[in-house]
Amino acid sequence: MSKSIFRGLIILLIASSLTTHNVLAQNCKPDNSRLDKITKQQLDEWSSVLYAPGIFNNAMKNSNVKIAASIIRMGDINKIALVIIRTQEKINTTTVDQYRGAKGNEFYFGFKDGTPIKFVVDEVTNKSDVVGDIGVNSIILFSAIKDEDLKTIKEGLTAKSIDAVRATLENGITVEQSVKDKDGAKMQVKFNCFFSFAQEKGYMK
């Protein structure tokens, strides 16, 4: 599961800088919907970018972090995913692997005038590359949600939009970023789409 979601979220982060669209005009179709060729399980995924630095920010820094989130149903499993992509200029292979996630790490969604929600990581994908003198750390943190917990978590994820995100990684590293209103609103739409889908399918107990 994690490899296909990894590719989807990487593409999402790249496309986010090239497209603009009205959140209210979006339909509720999954951003990724397919039948796995091996497991024969159906995967439905709703994703959105939470933070991507603008062109000016990219020009002013030699290190940048992009963040996206996803809510997924694959077979009979629900998962929340947080993807973190960090690029560094003028780097060598000994330091490229600095950002890494692990099981037991935590990530948080903060909400406007609301209680933050904590997720404990039970699956992780780490990938590191060096292209020329650019180092790239890509991390996806997954946290499973039981069907019987969907109703409870729905209240927290759909009532208000995300305005901040935080993730704890290995080596004592913490990634924290404010989320713009428009990006938080887009993710709120995605959450609402997922929970409407889960209710229609009878997954929420």
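Everything that follows concerns the structure shown earlier in this document.
Residues numbered from 1 in each chain as written. Predicted model: local features only at pLDDT ≥ 70, side-chain atom pairs only at ≥ 80, totals over all residues. Heavy atoms only, no water.

Caption draft 1: Looking closely at unusual backbone geometry. Despite not being glycine, Lys 40 shows a phi value in the positive range, around 65°. Residue position: Lys 40 is located in the loop between β1 (32-35) and β2 (42-51). Judged by relative accessible area, Lys 40 falls into the exposed class, the value being 55%. Even without a glycine there, the phi angle at Asn 171 is positive, about 60°. Structurally, Asn 171 can be placed in the loop between β9 (162-168) and β10 (174-178). By relative accessible area, Asn 171 is classed as exposed at 63%. (Helix = DSSP H or I, 4+ residues; strand = E, 2+ residues; numbered from the N terminus. Buried < 20%, exposed > 50% of the residue type's maximum accessible area, 1.4 Å probe, protein only.)

Caption draft 2: Quick look at the sheet that holds strand β5 (residues 106-111). The strand order across the open sheet built from four strands is β6-β5-β9-β10, with neighbouring strands paired in antiparallel fashion. Sheet topology places β6 (117-120) and β10 at the edges, where each strand pairs with a single neighbour. Across this sheet, the average inter-strand angle for adjacent strands is 15°, counted without regard to direction. Sheet analysis places β5 next to β9, joined by five bridges and oriented antiparallel. Note on β9: the bridge partner recorded for Phe 109 is Val 165. Here helix α3 (residues 150-158) sits on the sheet in contact with β5 and β6, set at roughly 125° to β6. (Pairing = 2+ DSSP bridges. Axes fitted to C-alpha atoms, helices over the stretch in contact; angles between N-to-C directions. Contact = heavy atoms within 4.5 Å.)

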